Amino acid sequence: MKKYFAIVMIFMLTVTLNIAQSQKEKAVQKKVNDLISQMTLEEKIGQMTQVDYDAIKANIKDIGKYFIGSILCGGNSEPDDITPAGWANLYDKFQNVALKTRLRIPIIWGIDAVHGHNNVDGATIFPHNIGLGASRNPKLVEQVAAVTSAEMRGTGVQWDFAPCVAVSRNEKWGRSYESYSENPELVKILGAAFVKGMQGNDLSDKTSSLACVKHFLGDGGTTNGKDQGNTEVDEATLRKIHLPGYISAIKAGAKSIMPSYSSWNGVKMHGNKYLLTDVLKGELGFKGFLVSDWAAIDQLDKDYKTAIEKSINAGLDMAMIPNGQGQKNNYIEFITLLKELVNEGKVPVSRIDDAVRRILTVKFETGVFDNPLTEKSLTPLVGSKANREIARDAVRQSLVLLKNENNLLPLSKNLKRIHVTGKSADDIGNQCGGWTISWQGKSGNVISGGTTILQAIKNTVSNSTQVTTSKDGSGAEGADVCIVAVGELPYAEMIGDRQDLTLSKEDADAIQKAKSSGVPVVVLLLSGRAMIIEPELNKSNAFIACWLPGTEGQGVADVLFGDFKPVGKLPISWPKNMNQIPINIGDANYDPLFPYGFGLTY
Ligand code: GLC
């Protein structure tokens, strides 16, 4: 009887919740209809226009003059004051201009918070996606997204161009680290988890932000891993490998999606009506809106007006425009040309109304109409100790132990002397990688707060342990162990495309010097992808893939000294040499150095 009663109660609750949800949706649609019925063509096109901060900061009044619907800060576009308060003040200043327009439609502000709120000084920086992929932990990814969202909201920003659900199939690709995995099954789980964490239970909650799933479709599958290249596969393969992340993200409630710069069999994604409209909005029932990538529509045709016509008619709803007055293809040109296209009947009013309806629906769902300004109570929480502890845990769970000869690890905290060396042992910038303060990131003290690996080791060992250092691998003689931190220097997007993934001479020399000292060697590889490491692997006694761990280097020390046993598993297949690339789980003659899923523990 009790079981029957429980089933009835659950059914009643589900029905009630569905009724409440549909009533909420009806209320939003009424507001959207009311608003659209009052809007001029200029006001509608303004909502379809997203302008980069740098492009409009000298003409902030244009937000009101052209009814601009959204602002973004691209990787290198940021306020002079990049503290949390500086960002919050900028956001409110721009929002107040939008709120003075006739219909008071607020802007939404987009940013690439792809491993924490990474444009803000003092923010918590998490491992990049490839490290989260190694954790295989959707609950952790949800937590990472929730903290990122709360730190964003502390600065006003409520729209994140994340998660990237690329399925990276070729390590030569400069964006491999933005992908959770080569395995679509893992990408779909973690991408959905990120959306849930970012958007929360209710998108209008004060700590929730709008996710933007990217880059649709097949960005990680281009031939030779060329960024913005051509994904040459049949439709069945495209769907099998690259679509699952979008299906799960839409199910998780994602309300914005960014098309890819790349092409599918020679057709640019930003102009692919079949995939953007028929598949995404039709077959998959995506109810949110599509925002272009950075000036991506310009690539569709040398004539800007033709490019706009192709992309909007293919199903793009909002154009991301980084060019300001005096520059080619600027936001005023976009607005003027799109208006011409509508008046000439080349872009149907119905297409404009569909785009605006989608954009306004999502804006109402975010709650930005009711709470347009920064939630100032959240500003002091940016980079908080509690948030950094979550990032530290993410680092712990992301590390993959590839070699541990004679159980060298975990190390004792009471060793007489530990020698720490390598270019990335004491470098927050190398720990964070690209998309950190600036688009490409940079070595050195790129961001305030955080702990380098060297500092973390010093924090962990006993007072009787001497920690000595160098950068080039020298000086290890006589130590109990030598820890060498090497890997990649920061990069982003096409700047990271590489045909040779062997370690740099500097890194190889450092490991050789450490080896020559005769003491046991632990190599920590900080990289955005698998690299060609066999020679260095043979010279080490222990080897950990640390990926790009972010600001909380303490998580690395937790694993080195056994406060946390390594749990990470490879989210990618680790090639023996460049000739093996691309190499992915399921390939015929699959013979990697380390297979997908490999990872030792203590
Ligand atoms: C970049 C990236 C995209 C990012 C956008 C805005 O070129 O391709 O991932 O969200 O521009 O910065």
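Residues numbered from 1 in each chain as written. Predicted model: local features only at pLDDT ≥ 70, side-chain atom pairs only at ≥ 80, totals over all residues. Heavy atoms only, no water.

A.B. asks: Even after reading the chapter, I still don't get the overall build of the protein, so can you show me in this structure?
C.D. replies: Looking only at helices and strands, the protein has 20 helices and 18 strands in total. The C-alpha radius of gyration computed for the protein amounts to 25 Å, which stays within 12% of the reference 25 Å derived for 602 residues, consistent with globular compactness. Across its three principal axes, the protein shows a C-alpha extent of roughly 80 × 65 × 55 Å. Each of the 602 residues in the protein was classed as buried or not, and the buried ones make up 63%. For the protein, long-range pairs separated by at least 24 residues make up 78% of all intrachain contacts whose partners lie at least 6 apart in sequence. A total of about 21800 Å² of accessible surface is found on the protein, and carbon and sulfur atoms cover 54% of it. (Helix = DSSP H or I, 4+ residues; strand = E, 2+ residues; numbered from the N terminus. Rg over C-alpha atoms; globule rule 2.2 N^0.38 Å. Buried < 20%, exposed > 50% of the residue type's maximum accessible area, 1.4 Å probe, protein only. Contact = heavy atoms within 4.5 Å. Areas by Shrake-Rupley, 256 points an atom, 1.4 Å probe, with all protein chains shown as cover.)

A.B. asks: Got a minute to help me understand the side chain of Glu-182 in this structure?
C.D. replies: Relative to the helices and strands, Glu-182 resides in the loop between β4 (159–160) and α8 (184–199). It is Arg-169 that comes nearest to the buried, bridge-free Glu-182 among opposite-charge side chains, at 5.5 Å. When near neighbours in sequence (up to four residues on either side) are disregarded, Glu-182 contacts Val-167, Ser-168, Arg-169, Pro-571, Ile-572, Ser-573, Ile-583, Asn-584, Ile-585 and Tyr-596. (Lys, Arg positive; Asp, Glu negative; His and termini not counted. Salt bridge = Lys/Arg side-chain N within 4 Å of Asp/Glu carboxyl O.)

A.B. asks: Looking at this structure, I do not really get the nonpolar core. What am I missing?
C.D. replies: In globular proteins that are soluble, nonpolar side chains generally tend to be buried together. Ranked by internal contacts, the top residues of the largest apolar core, which has 122 residues, are Ile-71, Phe-94, Trp-109, Phe-216, Phe-334 and Leu-338. Here Trp-109 is in contact with Tyr-53, Ile-71, Leu-72, Cys-73, Trp-87, Leu-90, Tyr-91, Phe-94, Val-157, Gln-158 and Trp-159, once residues within four sequence places are set aside. In this structure, Trp-435, Val-486, Ala-510 and Phe-594 belong to the second largest nonpolar core, which totals 34 residues. (Core = buried A, V, L, I, M, F, W, Y, C linked by side-chain atoms within 4.5 Å.)

A.B. asks: How should I be thinking about the site of the ligand in this particular structure?
C.D. replies: Lining the immediate surroundings of the ligand are 13 residues, of which Asp-112, Arg-175, Lys-214, His-215 and Asp-293 lie closest. A distance of 2.7 Å separates an oxygen atom of the ligand from a polar side-chain atom of His-215. In the environment of the ligand, an oxygen atom lies 2.7 Å from a nitrogen or oxygen atom belonging to the side chain of Asp-293. When the free accessible area of the ligand is taken as 310 Å², the share hidden by the protein chains comes to 96%. Within the shell around the ligand, the residues separate by chemical class into six nonpolar, two polar and five charged. (Near = heavy atom within 4 Å. Polar contact = N/O pair within 3.5 Å; in protein donor to acceptor, adjacent residues only side chain to side chain. Nonpolar A, V, L, I, M, F, W, Y, C, P; charged D, E, K, R; others polar.)

A.B. asks: Can you help me understand the side chain of Ser-527 in this one?
C.D. replies: Tracing the backbone through its elements, the reader meets Ser-527 in the loop between β17 (521–526) and α19 (534–539). Residue class for Ser-527 comes out buried when judged on its relative accessible area of 1%. Among the polar contacts made by the side chain of Ser-527, one reaches the main-chain carbonyl oxygen of Arg-529 at a distance of 2.7 Å. Setting aside anything within four residues of it in sequence, one finds Ser-527 in contact with Glu-488, Trp-547 and Leu-548.

A.B. asks: Would you explain the pattern of salt bridges in this entry?
C.D. replies: Where charged atoms from two side chains of opposite charge come close, those side chains can pair. Going through the model one piece at a time under the given rule, you end up with 37 salt bridges. A salt bridge links Glu-552 to Arg-388; the nearest nitrogen and oxygen atoms lie 2.8 Å apart. On the criterion of sequence distance, the pair formed by Glu-552 in the loop between β18 (542–545) and α20 (554–560) and Arg-388 in helix α15 (residues 385–398) is long-range, its members being 164 residues apart. For the pair Glu-552 and Arg-388, one class covers both residues: buried. Across the salt bridge formed by Lys-403 and Glu-405, the nearest N and O atoms sit 3.6 Å from each other.

A.B. asks: Can you walk me through the environment of Val-362 in this structure?
C.D. replies: Considering the arrangement of structural elements, one finds Val-362 in helix α14 (residues 349–366). Along the sequence, Val-362 and Thr-451 sit 89 residues apart, while their C-alpha atoms lie 38 Å from each other. Residues within four places of Val-362 in sequence aside, it is in contact with Leu-210, Lys-255, Gly-288 and Phe-289.

A.B. asks: I keep staring at the packing of aromatic side chains and nothing clicks. Help me out?
C.D. replies: For any pair of aromatic rings, the description consists of the separation of the ring centres together with the inter-plane angle of the planes. Under the defined criterion, the tally for this structure stands at eleven aromatic pairs. Between the aromatic rings of Tyr-177 and Tyr-491, the centroid separation amounts to 5.5 Å while the plane-to-plane angle is 65°, which identifies the pairing as edge-to-face. Here the residue Tyr-177 occupies a position in the loop between β4 and α8, and Tyr-491 occupies one in the loop between β16 (481–487) and α18 (505–516), the gap between them amounting to 314 residues. For Tyr-491, a relative accessible area of 7% puts it in the buried group. When the centroid spacing of 6.0 Å and the interplanar angle of 45° are considered together, the rings of Trp-547 and Trp-574 count as tilted. Of the two residues, Trp-547 sits in the loop between β18 and α20 while Trp-574 sits in the segment after α20, which places them 27 residues apart along the sequence. For Trp-574, a relative accessible area of 0% gives the class buried. Aromatic ring contacts, followed pair by pair, group Tyr-53, Tyr-91, Phe-94 and Trp-109 into a single cluster. Across the ring face of Trp-435, the terminal group of Lys-214 is positioned such that the distance to the ring centre comes to 5.8 Å. (Phe/Tyr/Trp six-rings, centres within 6.5 Å; stacked < 30°, edge-to-face > 60°. Lys NZ or Arg CZ within 6 Å of the ring centre and 35° of its normal.)

A.B. asks: What should I look at first to understand the sheet that holds β18 in this one?
C.D. replies: Adjacent strands of a sheet form backbone hydrogen bonds with each other and so pair up, either parallel or antiparallel. Spatially, six strands are ordered β13-β18-β17-β16-β14-β15 in an open sheet, and the strand pairing comes out mixed. Taken across any chain shown, the strands that pair with only one partner, and hence form the sheet edges, are β13 (400–404) and β15 (466–469). Averaged over neighbouring strand pairs, the angle between their axes works out to 15° when direction is ignored. Strand direction decides the pairing type here: β13 and β18, joined by four bridges, are antiparallel. Counted as the bridge partner of Leu-401 is Ile-544 from β18. Packed on one face of the sheet, helix α17 (residues 453–460) meets β14 (417–421), β15, β16 and β17 and runs near 165° to β15. Running over the sheet, α18 touches β16 and β17 and is turned about 170° from β16. (Pairing = 2+ DSSP bridges. Axes fitted to C-alpha atoms, helices over the stretch in contact; angles between N-to-C directions.)

A.B. asks: Help me understand α17, please; the structure alone is not making it clear to me.
C.D. replies: Three or four residues apart is the spacing at which side chains of an α-helix point the same way, because the helix has 3.6 residues per turn. Within α17 the residues assigned to the buried category are Ile-453, Leu-454, Ala-456, Ile-457 and Thr-460. Summarising the axial view, the buried residues of α17 lie within an arc of 160°, below the 170-degree limit, and thus occupy one face. Summarising the contacts, the buried residues of α17 are in contact with β14, α16 (428–432), β15, β16, β17 and α20. (Arc of directions from axis to C-beta.)

A.B. asks: What's the story with a nonpolar patch on the surface in this structure? I'm lost.
C.D. replies: On the surface, Met-1, Tyr-4, Val-8, Phe-11, Met-12, Val-15 and Ile-19 cluster together into a nonpolar patch covering about 760 Å² of accessible area. Relative to the elements of secondary structure, Tyr-4 occurs in helix α1 (residues 2–38). The class for Tyr-4 is exposed, based on a relative accessible area of 57%. (Patch = residues over 30% accessible without salt bridge, like charges linked within 9 Å, V, L, I, M, F, W, Y side chains within 5 Å.)

A.B. asks: Can you help me understand the domain arrangement of the protein in this one?
C.D. replies: Note on interface size: it is often stated as the accessible area lost on association of the parts. Examined at the domain level, the protein breaks down into domain 1 (39–381) and domain 2 (399–580). Between the C-alpha centres of domain 1 and domain 2 there is a distance of 34 Å. Interface area lost by domain 1 to domain 2 is led by Glu-171, Lys-172 and Tyr-177, which between them contribute 22%. Where domain 1 packs against domain 2, one counts one salt bridge. The partner of Arg-175 in a salt bridge is Glu-493, with the nearest N and O atoms 3.6 Å apart. There are 28 residue pairs in polar contact (both at pLDDT 80 or more) connecting domain 1 and domain 2. Considering every element that reaches the side of domain 1 that touches domain 2, the biggest residue donor is helix α6 (residues 129–135), with four residues. Considering only residue class, the side of domain 1 that touches domain 2 consists of 14 nonpolar, 16 polar and eleven charged. (Domains from an automatic or database assignment. Buried area = accessible area lost by both parts, 1.4 Å probe.)

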